[in-house]
Amino acid sequence: QVQLVESGGGLVQPGGSLRLSCEIFGNIFNINELAWYREAPGKQRALVATIDSGGATDYADSVIGRFTISKDNAKNTVALSMNNLTPEDTAVYYCHALVLLVGGHIETDWWGQGTQVTVSS
């Protein structure tokens, strides 16, 4: 019913930048919250950044000042701009959406397939 398609991952050197993008498809009435999570090898999936329907944002402490989450309501997209990347940012990054479907009564959450970000020299 809802599909999240991510793009923009890849290999980057320490100190470099990447921009991830996620496009949301489906029979959507409203998107209440969008977020990026990441899962590093051997670690649990962790929240990186969120943006709510009003545009308010929140970030994990480790990315404050380096990452920026943004969205385009008209295009149903969310992006994560990542600067000054370090090897500790290496992970699979997942897009997440909290969605109210057309005709639905409760919000449901949906995940993208993940995109690999590797920071290495």
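Details of the structure are given in the entry above.
Okay, so let's go over this structure. Given the structure is predicted, the values throughout are model-derived calculations rather than measurements. Going along each chain's sequence as written, the residues are numbered from 1 onward. Two thresholds apply to this predicted model, a pLDDT of at least 70 for residue-level local features and 80 or more for giving and counting side-chain atom pairs, whereas whole-chain, interface and lining totals are computed over all residues. Only hydrogens and water are removed before side-chain values are computed, so all heavy atoms of the structure are retained for them.

## Overview of the state of the cysteines
Disulfides are defined as pairs of cysteine sulfur atoms found within 2.5 Å of each other. All told, the structure shown has one disulfide when counted by the stated rule. Each sulfur in the disulfide pair Cys22 and Cys95 lies 2.2 Å from the other. The chirality of the disulfide connecting Cys22 with Cys95 is left-handed, given an S-S dihedral of about -85°. Highlighted residues: Cys22 in strand S3 (residues 18-26) and Cys95 in strand S9 (residues 91-101), separated in sequence by 73 residues. The helix and strand labels rest on DSSP assignments: H or I over at least four residues marks a helix, E over at least two residues marks a strand, and numbering proceeds from the N terminus.

## A short note on the sheet that holds strand S8 (residues 77-82)
We treat two strands as partners when DSSP finds at least two bridges between them. The sheet built from four strands is open, its strands ordered S1-S3-S8-S7 with antiparallel pairing. If you trace the sheet from one side to the other, it starts and ends with strand S1 (2-7) and strand S7 (67-72), each paired once. The mean angle between the axes of side-by-side strands here comes to 15°, regardless of whether they run parallel or antiparallel. Looking at chain direction, S3 and S8 are connected through six bridges and run antiparallel. For Leu18, the partnering residue across the bridge sits in S8 and is Met82. Inter-axis angles, ranging from 0 to 180 degrees, are taken between N-to-C directions of lines fitted to C-alpha atoms, where helices are fitted over the stretch in contact.

## Examining unusual backbone geometry
Here Asn76, not a glycine, exhibits a phi torsion of approximately 55°, which is positive. Along the chain, Asn76 falls in the loop between S7 and S8.

## Remarks on the pairing of strand S11 (residues 115-119)
Side-chain alternation along S11 places Thr115, Val117 and Val119 on a buried face and Gln116 and Thr118 on a face that remains uncovered. Strand direction decides the pairing type here: strand S2 (residues 10-12) and S11, joined by three bridges, are parallel. When the sheet's bridge partners are listed, Leu11 is paired in S11 with Thr118. Across three bridges, S9 lies against S11 in antiparallel orientation. Residue pairing across strands places Tyr93 opposite Thr115, the latter belonging to S11. Burial classes: relative accessible area under 20% of the type maximum marks a residue as buried, over 50% as exposed, and values in between as partly exposed (1.4 Å probe, protein chains only).

## A word on the pattern of salt bridges
Should a side-chain nitrogen of Lys or Arg be within 4 Å of a carboxyl oxygen of Asp or Glu, the pair is scored as a salt bridge. Inspection of the entire model under this criterion finds three salt bridges. In this structure, Glu39 and Arg45 form a salt bridge, with 3.0 Å as the shortest nitrogen-oxygen distance. Classification of Arg45 as partly exposed rests on a relative accessible area of 35%. A salt bridge links Asp89 to Arg66, with the nearest nitrogen and oxygen atoms 2.7 Å apart. A residue pair is termed long-range when its members are at least 10 positions apart, and Asp89 in the loop between S8 and S9 and Arg66 in the loop between strand S6 (57-59) and S7 qualify at 23 residues. A residue is classified by how much of its surface remains accessible, and Arg66, at 14% relative accessible area, is buried. Salt bridges linked by common partners bring Arg38, Arg66 and Asp89 together as one network.

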